[in-house]
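Secondary and tertiary structure notes
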Amino acid sequence: MTQKLITVGIITNPSAAFTRTANTTAYASGQLVCNTGAPAPMAFSAARYKGASLFVRKARLYKSSPILTLASFRLHLYRTLPTIASATDGTAWSTTGLSSYIGAMDITCDKAFTDCAEGNGVPNTGSEMGIAMGAALDTLYGVLEARAAYVPISAEAFTVELEVFQN
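Here the residue index of a chain counts from 1 through its sequence in written order. Two thresholds apply to this predicted model, a pLDDT of at least 70 for residue-level local features and 80 or more for giving and counting side-chain atom pairs, whereas whole-chain, interface and lining totals are computed over all residues. The side-chain values count all of the structure's non-hydrogen atoms but skip hydrogen atoms and water molecules.

Points about unusual backbone geometry
Test applied: Numbering of helices and strands runs from the N terminus, with a helix taken as a DSSP run of H or I at least four residues long and a strand as a DSSP run of E at least two residues long. Partly exposed residues are those whose accessible area sits between 20% and 50% of the maximum for their type, while under 20% is buried and over 50% is exposed, using a 1.4 Å probe and protein chains only.
Of note in the backbone geometry, leucine 70 takes a positive phi value of approximately 55° without being a glycine. When you line up the elements, leucine 70 lands in the loop between strand S5 (53–63) and strand S6 (72–78). Note on leucine 70: relative accessible area 43%, which makes it partly exposed. Its identity as a non-glycine residue notwithstanding, alanine 155 has a phi of 55°, on the positive side. Residue position: alanine 155 is located in the loop between strand S12 (139–146) and strand S13 (157–166).

Looking at the nonpolar core
Put simply, the rule is: For our purposes a nonpolar core is just a set of buried Ala, Val, Leu, Ile, Met, Phe, Trp, Tyr and Cys residues, chained together by side-chain atoms within 4.5 Å. Contact definition: two residues touch when any of their heavy atoms are within 4.5 Å.
If you look at the biggest cluster of nonpolar residues, it comprises 32 residues, and the most contacted ones within it are Leu54, Val56, Phe73, Leu75, Leu140, Leu144 and Leu162. Elements represented by at least two residues in this core include exactly strand S2 (15–19), strand S4 (42–45), S5, S6, strand S9 (101–112), strand S11 (129–132), S12 and S13. For leucine 75, the residues in contact, after removing those within four places along its chain, are Met42, Ala59, Gly103, Ala104, Met105, Ile107, Gly142, Val143, Leu144, Val160 and Leu162. Leu32, Cys34, Tyr78 and Ile84 belong to the second largest nonpolar core, which has 6 residues in total.

Quick look at the pairing of S12
In plain terms, the rule: Any two strands with at least two DSSP-identified bridges between them are counted as paired.
Counting buried positions along S12 yields 8 of 8 residues, so the element is predominantly enclosed. Where burial is concerned, the two faces of S12 agree: the one with Thr139, Tyr141, Val143 and Glu145 and the one with Leu140, Gly142, Leu144 and Ala146 are both buried. As defined by bridge partners, strand S3 (residues 32–33) adjoins S12 across 2 bridges and the pair is classed as antiparallel. Note that in S12 the partner of valine 33 across the bridge is leucine 144. Note that S4 and S12 share 4 bridges and pair antiparallel.

Points about the environment of aspartate 115
Within the secondary structure, aspartate 115 is located in the loop between S9 and strand S10 (117–121). On the basis of relative accessible area, aspartate 115 is assigned to the exposed category, the value being 52%. Considered as a pair, aspartate 115 and methionine 105 are 10 residues apart in the sequence and their alpha carbons are 24 Å apart.

Quick word on the packing of aromatic side chains
What counts is decided by this rule: Think of it this way: a Phe, Tyr or Trp ring, Trp meaning its six-membered ring, pairs with another when their centres are within 6.5 Å, and the plane angle makes it stacked under 30 degrees, edge-to-face over 60, tilted otherwise.
Applying the stated rule across the entire model yields 5 aromatic pairs. An angle of 10° between the planes, with centres 5.4 Å apart, marks the rings of phenylalanine 18 and phenylalanine 158 as stacked. Placement of the pair is phenylalanine 18 in strand S2 and phenylalanine 158 in strand S13, with a sequence separation of 140 residues. What makes phenylalanine 18 buried here is its relative accessible area of 10%. Between phenylalanine 55 and phenylalanine 165 the ring centres are 6.3 Å apart and the planes differ by 45°, which places this aromatic pair in the tilted class. Of this pair, phenylalanine 55 sits in strand S5 while phenylalanine 165 sits in strand S13, placing them 110 residues apart in sequence. By relative accessible area, phenylalanine 55 is classed as partly exposed at 26%.

Below is the structure:
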């Protein structure tokens, strides 16, 4: 008797949100876009269970301002919690955690609505990011970097939603 292995997966959309500082200081390309207070990476409950494997196929970025001018960002993803080297919004993006770095997605907000703007991104390399989570891991972490001279609104809110295929 021949047995066939059938892989069944689930598509899920884990999301994380933050509100940036209450200023309108323009970002330069390469600067960290993050929450107020002590910057913390975004956390995404991505795996179905600890140690599972998954594929990140896409990311969506929503921001509370409908401004599209220079609204280009890079989402960096990590398997474990990275340490942000500069602990302030608007400083150069730099993290520790190369061993857990998964990859990046460039996202340009290209759709304006009356109350927000939205953009989509796919992995910068390949069509998806295949991730084998460690035995005790089920969360992905993300850090957002400006990729243009973006001028934000004060206390702008950002939400990032991943498109994940869970094995």
